[in-house]
Amino acid sequence: MDKTNSTENSFIKHLKPRKNGKYHQGVIDPKACKKYYSSCLDEPIIYRSGLEYKFINYCESVPSIIKWASEPIKIPYYSRLDKKQVNYYPDYVIENENGTKCIVEVKPYDQTIRPKPNDSKWLKAAWIKNTDKWNAAYKFAHEHGMKFIIVTEKFFT
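Small disclaimer: the values here were computed from a predicted structure and weren't measured.

## Description of the environment of Tyr-109
(1) Moving on: For Tyr-109, the location among the structural elements is in the loop between strand 7 (101-106) and helix 3 (121-143).
(2) Moving on: Of the residues examined, Tyr-109 reaches a relative accessible area of 31% and is grouped as partly exposed.
(3) Moving on: Taking the C-alpha atoms as reference points, Tyr-109 and Glu-153, 44 residues apart in sequence, are found 6.6 Å from one another.
(4) Moving on: Filtering out sequence-adjacent residues up to four positions away, Tyr-109 remains in contact with Thr-152, Glu-153 and Lys-154.

## Topic: the pattern of salt bridges
Side chains carrying opposite charge are able to pair once their charged atoms draw close together.
(1) Moving on: Tallied over the full model, the rule gives four salt bridges.
(2) Moving on: Across the salt bridge formed by Lys-107 and Glu-105, the nearest N and O atoms sit 3.3 Å from each other. Like Lys-107, the residue Glu-105 is buried in the burial classification.

## Considering helix 3
(1) Moving on: Taking 1.5 Å of rise per residue, the 23 residues of helix 3 would be expected to cover 33 Å, and the 33 Å separating its terminal C-alpha atoms lies within 8% of that figure.
(2) Moving on: Looking only at helix 3, the buried set comprises Leu-123, Ala-126, Trp-127, Asn-130, Thr-131, Asp-132, Lys-133, Trp-134, Ala-136, Ala-137, Phe-140 and Ala-141.
(3) Moving on: In this structure, the buried side of helix 3 is in contact with strand 4 (75-79), strand 5 (84-88), strand 7 and strand 8 (147-151).
(4) Moving on: With its phi angle positive at about 65°, Gly-145 sits one or two positions after the end of helix 3.

## Side note on the packing of aromatic side chains
(1) Moving on: Applying the stated criterion across every chain, the model contains 10 aromatic pairs.
(2) Moving on: When the centroid spacing of 5.0 Å and the interplanar angle of 80° are considered together, the rings of Tyr-58 and Phe-155 count as edge-to-face. Placement of the pair is Tyr-58 in helix 2 (residues 50-61) and Phe-155 in the segment after strand 8, with a sequence separation of 97 residues.
(3) Moving on: A relative accessible area of 38% means that Phe-155 is categorised as partly exposed.
(4) Moving on: Chaining the aromatic ring pairs together yields one cluster made of Tyr-36, Phe-55, Tyr-58, Trp-68, Tyr-92, Phe-155 and Phe-156.
(5) Moving on: Across the ring face of Tyr-109, the terminal group of Lys-154 is positioned such that the distance to the ring centre comes to 3.9 Å.

The rules behind the values
- Throughout, residues of each chain are indexed from 1 in the direction in which the sequence is written.
- Local features are withheld for residues below a pLDDT of 70 in this predicted model, meaning they are given only at 70 or higher, and side-chain atom pairs are given and counted only at 80 or more; totals for whole chains, interfaces and linings count all residues.
- Note that the side-chain values use all heavy atoms of the structure and ignore hydrogens as well as water.
- A helix here means a DSSP run of H or I that spans at least four residues, while a strand means a run of E at least two residues long, and both kinds are numbered starting from the N terminus.
- Burial classes follow relative accessibility: with a 1.4 Å probe on protein chains only, a residue under 20% of its type's maximum area counts as buried, one over 50% as exposed, and anything between as partly exposed.
- What makes two residues a contact is simply this: any of their non-hydrogen atoms within 4.5 Å.
- Each reported salt bridge corresponds to a side-chain nitrogen of Lys or Arg within 4 Å of a carboxyl oxygen of Asp or Glu.
- Working rule for helices: expected span equals 1.5 Å times residues minus one.
- Pairing of aromatic rings covers Phe, Tyr and Trp, the last counted by its six-membered ring, and requires centre-to-centre distances within 6.5 Å; plane angles under 30 degrees mean stacked, over 60 mean edge-to-face, and any other angle means tilted.
- A ring is considered to have a charge above it if a Lys NZ or an Arg CZ atom is located within 6 Å of its centre and within 35 degrees of its normal.

Below, the structure written as structure tokens:
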């Protein structure tokens, strides 16, 4: 996996998991994974939720996935909330045995659906931020012969 800019990309890898956060977070040594892209072995694998940890185990256990990487690419996009150009680091890139590469974002299902008028301001802002990122990811994936998918807890049921 060619990282778009290893100096820029290392920024995301230095955002350490929160020990007292509300999500199950942690770090995995990439050398402990059998299918991890060898070009990414110098960066830690940081999972920022139990759902991401579950996806890592999925990547390692499903035979049709031959390679995967955590936050290996940077996608620039325009943030309507910040009113400026910013960067998006999708959670994973996977490569299937048929050669298909997919950019994968792992999110709780409730953050992937349009909020209702009475939902929280936080959820409404998250929706705007996520749709900006995902539109950029769809475009990036299409331009690079890849697919973009969003994985929620429903993927595992």
